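# An overview of the molecular structure
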Amino acid sequence: MDISGKILSFLPVQTGQGKNGTWKKQEFILETGDTYPKKVCIAVWGDKIDIASIKPGEPVTVSFDVESREFNGRWYTDVKAWKVVRTAGGGGNTAVPDGPPGFEPGGADDDLPF
């Protein structure tokens with residue numbers, strides 16, 4: 001999925017030791033450019049993405065996956081980025097597609113029984 005907006009801030013880098021070795025996580029807050037802007041906390045794990053050159057206030061498009069896991073009967077959800085690209089404009093949220101190719105909302109082919 002993709003989402004576009006501007007970066008509001010970067011949270012402190014977190015590191016730790018796991019069963020597979022040392023891990024590093026950088027989170028940032030992105031605000032969408034929608035009519036009713038939403039703020040999303042997005043995590044970047046490891047050194048896969050170089051976000052050091054991106055500054056707060058810059059417009060970006062983030063490709064991400066949503067992942068949940070259970071721990072001690074509670075569920076935790078992460079938004080994990082796998083690509084961050086600078087964009088020319090602020091843009092809006094594109095995480096929800098308009099529909100499949102050829103889809104036209106409210107078209108003449110609506111044969112609903114109600």
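Just so you know, these numbers come straight off a predicted model, no measurement behind them.

### Topic: the pattern of salt bridges
For the structure shown, the criterion picks out four salt bridges. A salt bridge links Lys25 to Glu27, with the nearest nitrogen and oxygen atoms 3.4 Å apart. Look at Lys25 and you get buried, because its relative accessible area is 11%. Given the relative accessible area of 14%, Glu27 is considered buried. Between Glu58 and Arg86 there is a salt bridge; the shortest N-O distance is 2.8 Å. Placement of Glu58 in the loop between β4 (39-45) and β5 (59-71) and of Arg86 in strand β6 (residues 74-86) is noted, with a sequence separation of 28 residues between them.

### What to know about the packing of aromatic side chains
Enumeration according to the criterion identifies two aromatic pairs in this entry. Look at Phe10 and Phe28: their rings are 6.0 Å apart centre to centre, the planes differ by 55°, and that puts the pair in the tilted class. Taken as a pair, Phe10 in strand β1 (residues 2-10) and Phe28 in strand β3 (residues 21-32) lie far apart in primary sequence, 18 residues in all. For Phe10, a relative accessible area of 27% translates into the label partly exposed. With relative accessibility at 1%, the residue Phe28 sits in the buried group. With a centroid separation of 5.5 Å and an interplanar angle of 50°, the aromatic rings of Trp23 and Trp45 are classed as tilted.

How each quantity is defined
Residues numbered from 1 in each chain as written. Predicted model: local features only at pLDDT ≥ 70, side-chain atom pairs only at ≥ 80, totals over all residues. Heavy atoms only, no water. Salt bridge = Lys/Arg side-chain N within 4 Å of Asp/Glu carboxyl O. Buried < 20%, exposed > 50% of the residue type's maximum accessible area, 1.4 Å probe, protein only. Helix = DSSP H or I, 4+ residues; strand = E, 2+ residues; numbered from the N terminus. Phe/Tyr/Trp six-rings, centres within 6.5 Å; stacked < 30°, edge-to-face > 60°.

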